[in-house]
Amino acid sequence: RRWACERGSNMSLLSPPALAAVALTLALAYVAAPSPSTSSAYKSVVTQSFNYFSRPHAGIARNPVRGPSAWRGAELRQNYGSWVTNLTREDVEAMRAAVAAAREALERSGRELGEMTRLDFPLSEGLEAKMRQWRKDVSAEGRGFTVIRGVPVDEWTDIERK
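Residues numbered from 1 in each chain as written. Predicted model: local features only at pLDDT ≥ 70, side-chain atom pairs only at ≥ 80, totals over all residues. Heavy atoms only, no water.

Draft legend 1. Geometry of the overall build of the protein chain. Scanning the protein chain from N- to C-terminus turns up 7 helices and 4 strands. From first element to last, N terminus to C terminus, the protein chain shows the α and β order β-β-α-α-α-α-β-α-α-β-α. Burial statistics for the protein chain: of 162 residues in total, 17% are counted as buried. At a minimum sequence separation of 6, the contacts of the protein chain that also span at least 24 residues come to 53%. (Helix = DSSP H or I, 4+ residues; strand = E, 2+ residues; numbered from the N terminus. Buried < 20%, exposed > 50% of the residue type's maximum accessible area, 1.4 Å probe, protein only. Contact = heavy atoms within 4.5 Å.)

Draft legend 2. Representation of the packing of aromatic side chains in the model. On inspection of all chains with the given rule, the structure shows 3 aromatic pairs. Here the aromatic rings of tyrosine 80 and tryptophan 83 are separated by 5.2 Å at their centres, their planes lie at 75°, and the arrangement is edge-to-face. With tyrosine 80 and tryptophan 83 both in helix α4 (residues 80–83) and 3 residues apart, this pair spans about one turn of that helix. Among the residues examined, tyrosine 80 registers a relative accessible area of 39% and is labelled partly exposed. Through successive ring pairs, a cluster of aromatic residues spans Trp71, Tyr80, Trp83 and Phe145. (Phe/Tyr/Trp six-rings, centres within 6.5 Å; stacked < 30°, edge-to-face > 60°.)

Draft legend 3. Region of the structure containing the nonpolar core. Residues Leu87, Val92, Ala94, Met95, Val99, Leu127, Trp134 and Trp156 constitute the largest nonpolar core, which totals 8 residues. Elements represented by at least two residues in this core include exactly α5 (89–109) and α6 (125–138). Per-element tally for this core: the top contributor is α5, with 4 residues. Here valine 92 is in contact with Leu87, Gly150 and Pro152, once residues within four sequence places are set aside. (Core = buried A, V, L, I, M, F, W, Y, C linked by side-chain atoms within 4.5 Å.)

Draft legend 4. Broad picture of the side chain of aspartate 91. Topologically, aspartate 91 is positioned in helix α5. Exposure remark for aspartate 91: the relative accessible area of 6% places this residue in the buried category. With sequence-adjacent residues up to four places away left out, aspartate 91 is seen in contact with Leu127 and Lys130.

Draft legend 5. Structural detail: the packing of α5 against α6. Where α5 meets α6, the closest approach of the two axes is 9 Å, and the angle between their N-to-C directions is 95°. One finds that α5 runs roughly perpendicular with respect to α6. Across from Asp91, Ala94 and Met95 in α5, the residues of α6 making contact are Leu127, Lys130 and Met131. (Axes fitted to C-alpha atoms, helices over the stretch in contact; angles between N-to-C directions. Parallel < 35°, antiparallel > 145°, perpendicular 65-115°, else oblique.)

Draft legend 6. The pattern of salt bridges, seen in detail. Tallied over the entire structure, the rule returns 9 salt bridges. With its nearest N and O atoms 2.3 Å apart, the salt bridge here joins lysine 130 to aspartate 91. Placement of lysine 130 in helix α6 and of aspartate 91 in helix α5 is noted, with a sequence separation of 39 residues between them. One salt bridge connects aspartate 158 with arginine 161, and the closest N-O pair in it is separated by 2.7 Å. (Salt bridge = Lys/Arg side-chain N within 4 Å of Asp/Glu carboxyl O.)

Draft legend 7. Main features of α6. Along its 14 residues, α6 runs 20 Å from first to last C-alpha, staying within 8% of the 20 Å computed at 1.5 Å per residue. For α6, every residue scored as buried is listed here: Leu127, Trp134 and Asp137. Taken around the axis of α6, the buried residues stretch over an arc of 75°, which confines them to a single face. Of the residues in α6, the exposed ones pointing more than 90 degrees away from the buried face are Glu125 and Arg135. At its buried positions, α6 is contacted by β3 (84–86), α5 and β4 (147–149). (Expected span 1.5 Å × (residues − 1). Arc of directions from axis to C-beta.)

So, in structure tokens, the structure goes:
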């Protein structure tokens, strides 16, 4: 048996388990939604799910998807270097310095992690340029992912990793 879920003029069919998952997600989002006074720059999985399910959807694509995000495994194998970045020693040192500066800025100011700004995380020009490219790669105009190797996360505390 299938259930119809109507949203405006869009109509889609949901199986009972899918409908139950949507209902549970919406209920959890309503109960767990932060009050305006406690909300931060980061959104919980529940809040993000609520946003996803509550927005209008365009429907099923009827034509092939085109562009950088429409990749196939064979293409990725041929262009391995375009989606994998191995950090240089300079990149890693710049990242360590930026994390240390951000940690000091947080401790000095007493602010929360979500209140940090770009000024609290100073980057070298080279690393900043790479990050701009990574942001483009994972955006709607890029392939949707990138692999970054050599980030020294095992050296950092949980708060520094965030």
